[in-house]
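One letter stands for each residue in the lines below.
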Amino acid sequence: MKPNPEKPPPLDSKQDPEILPGTIADLPINASGHHQELDRNFNLLSICGVAITTGNTWVALGGTVTVAIYNGGAPGVLYEFIAVSFFYWLVAASIAELASAMPSSGGVYHWASITAGRYGRVCGWFAGYWNFLAWIFGLAATAQICGLQVVSMYAVFHEGFVTQRWHVFVAYLITIWVCCFLVLFANKAMPLSETVGGFLIIAGVLVTVVVCASMPPVHATNAFVWTEWQNSTGYESNGFVFTLGMLNGAYSVGTPDVVSHLAEEIPRYRIELRVVLLARSLADSRTDRARTSPKLCSLNSR
């Protein structure tokens, strides 16, 4: 039987799906069975930059520490984050396997649709719906933190400046529109910008550690940082408070799938996705404790 030239190659082929040619509209067929329409602009370094700039825990945990500290004090912030990190390692390992086997910019809704069998459409719809809401709220929170930092930096260098809520809101809108502009009109510059952003954020982490460790005239005690549990929530059960506080850690770590949405823009996705997800999980869990500990030590416990 003569093969149909328009039929895409089977997905279980031993050949790499990235290089299999397609004949429909002269577009190659990617591993998900669709025409490859996105340029594979990202390399290992730039995709690590995406994981750092978009998915790092340093900004999220540092920007919400004033809320997280109510759930057990400084020890609660640290130990709740450690507990959350363990479970997110398992999530990241699962995502690494799914993303490397079924690379799709859709991410979780695509995997749910395929792996759920006859319930694939229902599971895929709900997975996509909740993932969409998570990214919308996550984007809004991250942009708000960025806007607040910009206004705070302006206030540091302008004595007498009184921060108003609308200042933060304007900075928030500017952040959103700048990001939209870059995605829409500077797509080819994204890998470079993500690489530079990753290096700047790592440098900012090192600066934060040095400043918090050396600048305060009085540091908090070791007991305040590591052992003195302080339940300031009003709930009587410390176990419930600990579980509630894990939400703050989950908010910080909660984007392990960030690089999976760029699976169709990575040339060697089978290897690089796993490497990046592993590196991000280990880096976030290890370095965030190194950053948060000096920050909590800079608080005056007296």
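Note that the structure is a prediction, hence the values are computed from the model and not measured.

**Student:** Where do I start with the overall build of the chain in this structure?
**Tutor:** Of regular secondary structure, the chain possesses 11 helices and 2 strands. Mapped from its N terminus to its C terminus, the chain presents α and β elements in the order α-α-α-β-α-α-α-α-α-α-β-α-α. The buried share among the 302 residues of the chain stands at 37%. Expressed as a percentage of contacts within the chain between residues at least 6 apart in sequence, the contacts between residues at least 24 apart total 73%. As displayed, the chain offers around 17900 Å² of accessible surface, 68% of which is attributable to carbon and sulfur atoms.

**Student:** Explain the pattern of salt bridges to me, please; I cannot follow it from the model alone.
**Tutor:** It is possible for side chains of opposite charge to pair when their charged atoms get near one another. In total, this model carries 1 salt bridge according to the counting rule given. For Glu 97, the salt bridge goes to Arg 274, with nearest N and O atoms at 3.6 Å. With Glu 97 in helix 4 (residues 73-101) and Arg 274 in helix 11 (residues 269-297), this residue pair connects regions lying 177 residues apart in the sequence.

**Student:** For this particular structure, what's the right way to read a nonpolar patch on the surface?
**Tutor:** Taken together, the side chains of Trp 166, Val 170, Ile 174, Val 178, Phe 181, Leu 182, Leu 184 and Phe 185 define a hydrophobic patch exposed on the protein surface, amounting to about 860 Å² of accessible area. Residue position: Val 170 is located in helix 7 (residues 165-185).

**Student:** Could you clarify how one ought to interpret the confidence of the model for the chain in this entry?
**Tutor:** Parts of the model with low pLDDT should not have their predicted coordinates read in detail. When pLDDT is averaged across the chain, the result is 79; 86% of the residues are at 70 or more. Ranking the helices and strands of the chain by mean pLDDT puts helix 7 first, with 91, and helix 2 (residues 58-63) last, with 74. Counting contacts from residues 5-27, a segment whose pLDDT is below 50, to residues more than four positions away or on other chains yields 34 contacts.

**Student:** What is the right way to read the packing of aromatic side chains from this model?
**Tutor:** Working definition: an aromatic ring pair is given by the centre-to-centre distance plus the angle between the planes. Taken as a whole and judged by the stated rule, the model has 10 aromatic pairs. Here Phe 86 and Phe 87 contribute two aromatic rings whose centre-to-centre distance is 5.3 Å and whose plane-to-plane angle is 75°, an arrangement assigned as edge-to-face. Looking at Phe 87, the relative accessible area reads 48%, which means it is partly exposed. Through a chain of ring-to-ring contacts, three or more aromatic side chains come together here, namely Trp 125, Phe 126, Tyr 129 and Trp 130.

**Student:** Would you take a moment to explain the state of the cysteines for this structure?
**Tutor:** Linking two cysteines covalently through their sulfur atoms gives a disulfide. According to the stated counting rule, one finds 0 disulfides in the structure shown. The thiol of Cys 179 is not disulfide-bonded; the next cysteine sulfur, from Cys 180, is found 7.0 Å away. The class of Cys 179 is partly exposed, set by a relative accessible area of 41%.

**Student:** Please explain the side chain of Asn 248 as it appears in this structure.
**Tutor:** With respect to the helices and strands, Asn 248 occurs in helix 10 (residues 238-253). The buried category is assigned to Asn 248, whose relative accessible area is 15%. Asn 248 has contacts with Val 67, Ala 68 and Asn 71, leaving out every residue within four places of it along the chain.

**Student:** Is there a simple way to think about the packing of helix 6 (residues 120-156) against helix 7 in this case?
**Tutor:** How two helices pack is summed up by the angle between their axes together with the distance between the axes. In the contact formed by helix 6 and helix 7, the axes pass within 8 Å of each other and the chain directions differ by 120°. When the axis of helix 6 is compared with that of helix 7, the two are oblique. The way helix 6 lies across helix 7 gives a crossing that is right-handed. Listed contacts from helix 7 to Leu 139, Ala 140, Ala 143, Gln 144, Cys 146, Gly 147, Leu 148 and Val 151 of helix 6 are His 167, Val 168, Ala 171, Tyr 172, Thr 175 and Ile 176.

**Student:** Sorry if this is basic, but what is going on with the environment of Leu 273 here?
**Tutor:** Locating Leu 273 in the fold gives a position in helix 11. Measuring from C-alpha to C-alpha, the distance between Leu 273 and Val 259 comes to 7.3 Å, with 14 residues separating the pair along the chain. Not counting residues within four places of it along the chain, the set of residues in contact with Leu 273 comprises Ala 99, Ser 100, Val 259, Ser 260, Ala 263 and Ile 266.

**Student:** What is the right way to read the nonpolar core from this model?
**Tutor:** Within soluble globular proteins, side chains that are nonpolar tend to cluster in buried spots. Judged by nonpolar contacts, the single largest core of 19 residues is most densely connected at Phe 42, Ile 47, Val 50, Val 259 and Leu 273. Going through the elements one at a time, helix 1 (44-55), helix 4 and helix 11 are the ones with two or more residues in this core. For this core, the element with the most residues is helix 11, which contributes 4 residues. Setting aside chain neighbours within four positions, we find Ile 47 in contact with Phe 42, Val 259, Leu 262, Ile 266 and Val 276. Ala 74, Ala 220, Val 225 and Leu 296 belong to the second largest nonpolar core, which has 17 residues in total.

**Student:** Sorry, what's going on with helix 8 (residues 190-214) here?
**Tutor:** Quick reminder: α-helices carry 3.6 residues per turn. Residues three or four places apart thus point the same way. Taking 1.5 Å per residue as the helical rise, helix 8 with its 25 residues ought to reach 36 Å, and the 36 Å between its terminal C-alpha atoms agrees with that figure. Within helix 8, the full set of buried residues consists of Met 190, Pro 191, Glu 194, Thr 195, Gly 197, Gly 198, Val 205 and Cys 212. Tucked inside the fold, the buried residues of helix 8 contact helix 1, helix 2, helix 7 and helix 11.

What counts as what
By convention here, each chain's residues receive numbers from 1 onward along its written sequence. The predicted nature of this model means local features are confined to residues of pLDDT at least 70 and side-chain atom pairs, given and counted, to a pLDDT of 80 or more, with totals for whole chains, interfaces and linings taken over all residues. Each side-chain value is worked out from all heavy atoms of the structure, with water and hydrogens disregarded. We count a stretch as a helix when DSSP gives it H or I for four or more residues in a row; a strand needs E for two or more, and each element gets its number in order from the N terminus. Here's how the labels work: a residue is buried when its accessible area is under 20% of the maximum for its type, exposed when over 50%, partly exposed in between, all with a 1.4 Å probe on protein chains only. We call two residues in contact whenever any of their non-hydrogen atoms come within 4.5 Å of each other. Accessible areas in this description were obtained via Shrake-Rupley with a 1.4 Å probe; residue shielding takes into account the shown protein chains only. A pairing counts as a salt bridge when a side-chain nitrogen of Lys or Arg comes within 4 Å of a carboxyl oxygen of Asp or Glu. Two distance rules govern patches: like charges are joined within 9 Å, and nonpolar side chains (Val, Leu, Ile, Met, Phe, Trp, Tyr) within 5 Å, applied only to residues with over 30% relative accessible area and no salt bridge. pLDDT runs from 0 to 100 and stands for how confident the predictor is about each residue. Only Phe, Tyr and Trp rings are paired, with Trp represented by its six-membered ring, and only when their centres lie within 6.5 Å; those with planes under 30 degrees apart are stacked, over 60 edge-to-face, the remainder tilted. Cysteine sulfur atoms that pair up within 2.5 Å are treated as a disulfide. For every element, the axis is a line fit to its C-alpha atoms; helices are fit only across the contacting stretch, and the angle between N-to-C directions ranges from 0 to 180 degrees. Each angle gets one of four labels, with under 35 degrees taken as roughly parallel, over 145 as roughly antiparallel, 65 to 115 as roughly perpendicular, and the rest as oblique. What makes a crossing left-handed is the near helix being turned counterclockwise from the far one by less than a right angle; a clockwise turn instead makes it right-handed. Only buried residues count toward a nonpolar core. Its members are Ala, Val, Leu, Ile, Met, Phe, Trp, Tyr and Cys residues joined through side-chain atoms within 4.5 Å. A helix is expected to span 1.5 Å for every residue after the first.

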